[in-house]
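Below, each chain spelled out in residue letters.
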There are 2 protein chains.
Amino acid sequence: MVPESIRRAGVPEATVGRLPLYLRALTTLHDQGITSIASEELASRSGVRSTQLRKDLSHLGSYGVRGVGYDVELLAAQIAQELGLTQEWPVVIVGMGNLGRALAAYGGFSGRGFRIVALVDDDPEVVGTLVEGLRVMTLADLAAKGPTVAIGVITTPAPAAQTVAQNLVRMGVRSILNFAPGHLNVPDGVDVRGVDLATELQILAFHEQRRLLAVSTHDPLQEGTDSEAMG
Amino acid sequence: MVPESIRRAGVPEATVGRLPLYLRALTTLHDQGITSIASEELASRSGVRSTQLRKDLSHLGSYGVRGVGYDVELLAAQIAQELGLTQEWPVVIVGMGNLGRALAAYGGFSGRGFRIVALVDDDPEVVGTLVEGLRVMTLADLAAKGPTVAIGVITTPAPAAQTVAQNLVRMGVRSILNFAPGHLNVPDGVDVRGVDLATELQILAFHEQRRLLAVSTHDPLQEGTDSEAMG
DNA sequence: ATGACTTTGTGAACGCTTGCACAAAGTCGC
DNA sequence: GCGACTTTGTGCAAGCGTTCACAAAGTCAT
């Protein structure tokens, strides 16, 4: 068994990105009353290969039983701990447009490791109103007399996002989830993840176009040169 | 110069994922009246290294001028063509909850390669109502008498997502953007991209926790660094 | 207790992605 | 026209992530 300090430092980024997937599948299994599961089945439900699942899990220790599989509850607890979901992270949503309100109304936060503790907007018409039981405040209010937050969610229009990010960083936020299109410039040590509708659609469009072109042109070159190793 | 058939087959997936980033930066530059830009500057605005930008662009041909840089308008047009944005892809949004309505109201679709041509829900209270100028229909309506769609956006609750996906595939949709949590099971040849709020937050939480643990366990790297440097 | 069977955990090979170093190809001042 | 300078495009090496193959370690029937 690997020492904890080494193992924790060594979880690859790609694995971290899949742990939430596994956790969700395990939660569903738990709700269905299933107490034990093999890697093959869990991988299938998560949309990955079983070898990848096992390698991923090997990075956080050996929690499986050979010949049997994994204890659903135990594994879920281990992943939750690895992801830091044993505590509740305070979240602020900045930007009370349609998307910001939709996120505020989304129930998937509380009880799953996150709690919305503040809502922010700069429109005087919106500031002071109640949204989902929380009173909307300005960024200045948040910095001066608001609760401390660990994670900032930006749902403002694109031009405001950079300034908002700077303000959040100044008040100590080091994890930002950005729904505004475009790249945010932040100091080292601040973690930004971007969720961009346009980007995702454009990637889909690329593949859609490639499919159409492949059908319409019947290009034999693609079969010959490109690696055709697919099941 | 490489023949088009080979070059098109050879664009790596990682590059495709960054092309929208470059395109956005170029659009912004164009709006600012800038007509030419070097890879160093464009990379900086896109949040990537200049060598990576150049290698990415090399996969779609040589559109730069050595000693000068890239023509903003020309490069934007080339990327747009590569991504298949010269035509308008018809999009359907399934699920008229808060998120679905927010996306329907989002202006970033039309004029940028996508147009929402149908809105779908299964709630009798919602079907038939007007949302953003479109009349909400059922999936059955869409299949029977709706417009053809190329891309389906799923914003339903999680339990309905799998069934919706199957219906979309059955009516010929091969590109799906899924906002519902969980993994969708689709036939080969169908492209699913998942956008999951919980996953993104959990990844942030992982890094946030790792930072806190690093500080509390006396890591000299993290101490006394009050990051004040920002552009 | 034992042998057949199941499933995990992991070293090794493979492929994809990124970063480096540098030649190629252009511009610009004079 | 020419040399100095700038910037692109790319072969190559290093690093990372995924997949394969298989030993290790357990269960279960008898």
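Note that this is a predicted model, so its numbers are computed, not measured.

1. Considering the overall build of chain A
Within chain A, the secondary structure is distributed over 10 helices and 10 strands. For chain A, the residues scored as buried account for 46% of the 231 residues in total. Across chain A, contacts joining residues at least 24 apart in sequence account for 56% of those joining residues at least 6 apart. Looking at chain A as shown, the accessible area adds up to about 11700 Å², and 52% of this sits on carbon and sulfur atoms.

2. Overview of the nonpolar core
Counting 96 residues, the largest nonpolar core has A:Leu26, A:Ile79, A:Phe114, B:Leu26, B:Ile79 and B:Phe114 as its most contacted members. Excluding residues within four positions of it along the chain, B:Leu26 makes contact with B:Ile37, B:Leu42, B:Val72, B:Leu75, B:Ala76 and B:Ile79.

3. As for the sheet that holds strand β2 (residues 64–65) of chain B
Residues and elements named next belong to chain B. Here we have 3 strands laid out as an open sheet, ordered β1-β3-β2, and antiparallel in their pairing. On the outer flanks of this sheet lie β1 (36–37) and β2, each paired with one strand and no other. With 2 bridges connecting them, β1 and strand β3 (residues 69–71) associate as antiparallel partners. Opposite Ser-36, over in β3, you have Asp-71 as the bridge partner.

4. Overview of empty space enclosed by the protein
Leftover empty space is mapped by rolling, across the atoms, a probe with the size of a water molecule. In the structure shown here, the tally under the stated rule is 1 cavity of 30 Å³ or more. Reported here for the largest cavity is a volume of approximately 30 Å³. Taken together, A:Tyr106, A:Gly108, A:Phe109, A:Arg112, A:Phe114, B:Leu197, B:Ala198, B:Leu201 and B:Gln202 make up the lining of the largest cavity. Of the residues forming the lining of the largest cavity, the biggest block, 4 residues, is contributed by helix α9 (residues 197–216) of chain B. Its residues assigned to classes, the lining of the largest cavity comprises 6 nonpolar, 2 polar and 1 charged.

5. What to know about the pairing of strand β4 (residues 89–94) of chain B
Look at any regular strand and the pattern is simple: side chains alternate between the two faces of the sheet. Residue and element names in this part refer to chain B. The element β4 is largely enclosed, with a buried count of 5 among its 6 residues. Where β4 and strand β5 (residues 114–120) come together, 6 bridges link them in parallel fashion. Note on β5: the bridge partner recorded for Val-92 is Ala-118. In this fold, the crossover linking β4 to β5 by way of helix α6 (residues 98–105) has right-handed handedness. Pairing of β4 with strand β8 (residues 151–154) involves 4 bridges; the strand directions are parallel. Among the inter-strand pairings, Val-94 is bridged to a residue of β8, identified as Ile-154.

6. Digging into the relation of the copies chain B and chain A
Superposition of chain B onto chain A requires a rotation of 180 degrees combined with a translation of 0.0 Å along the rotation axis, giving an RMSD of 0.1 Å. Classification of the inter-copy transformation places it as that of a two-fold axis. Considering only C-alpha atoms, the residue of chain B closest to the rotation axis is B:Leu99, which sits at 3.3 Å. Most of the interface of chain B is mirrored in chain A, where 89% of its interface residues again form contacts.

7. A look at the interface of chain B and chain A
Taken together, the contact pairs 65 residues of chain B with 68 residues of chain A. At the junction of chain B with chain A, the criterion picks out 4 salt bridges. In this structure, the salt-bridge partner of A:Arg24 is B:Asp196, at a minimum N-O distance of 2.0 Å. The interface formed by chain B and chain A contains 22 residue pairs in polar contact (both at pLDDT 80 or more). With 16 residues, α9(B) is the single largest residue contributor to the side of chain B that touches chain A. For the side of chain B that touches chain A, a count of residues per class yields 34 nonpolar, 18 polar and 13 charged.

Rules behind the numbers
Residues numbered from 1 in each chain as written. Chains lettered and ligands numbered in written order. Predicted model: local features only at pLDDT ≥ 70, side-chain atom pairs only at ≥ 80, totals over all residues. Heavy atoms only, no water. Helix = DSSP H or I, 4+ residues; strand = E, 2+ residues; numbered from the N terminus. Buried < 20%, exposed > 50% of the residue type's maximum accessible area, 1.4 Å probe, protein only. Contact = heavy atoms within 4.5 Å. Areas by Shrake-Rupley, 256 points an atom, 1.4 Å probe, with all protein chains shown as cover. Core = buried A, V, L, I, M, F, W, Y, C linked by side-chain atoms within 4.5 Å. Pairing = 2+ DSSP bridges. 1 Å grid on protein atoms, 1.4 Å probe; cavity = no way out; pocket = protein on both sides within 12 Å on 5 of 7 lines; lining within 4 Å. Points joined across faces, edges and corners; volume = space filled by probe spheres on them. Nonpolar A, V, L, I, M, F, W, Y, C, P; charged D, E, K, R; others polar. Right-handed = clockwise from strand over helix to strand, strands pointing away. Least-squares fit on C-alpha atoms with pLDDT ≥ 70 in both. Salt bridge = Lys/Arg side-chain N within 4 Å of Asp/Glu carboxyl O. Polar contact = N/O pair within 3.5 Å; in protein donor to acceptor, adjacent residues only side chain to side chain.

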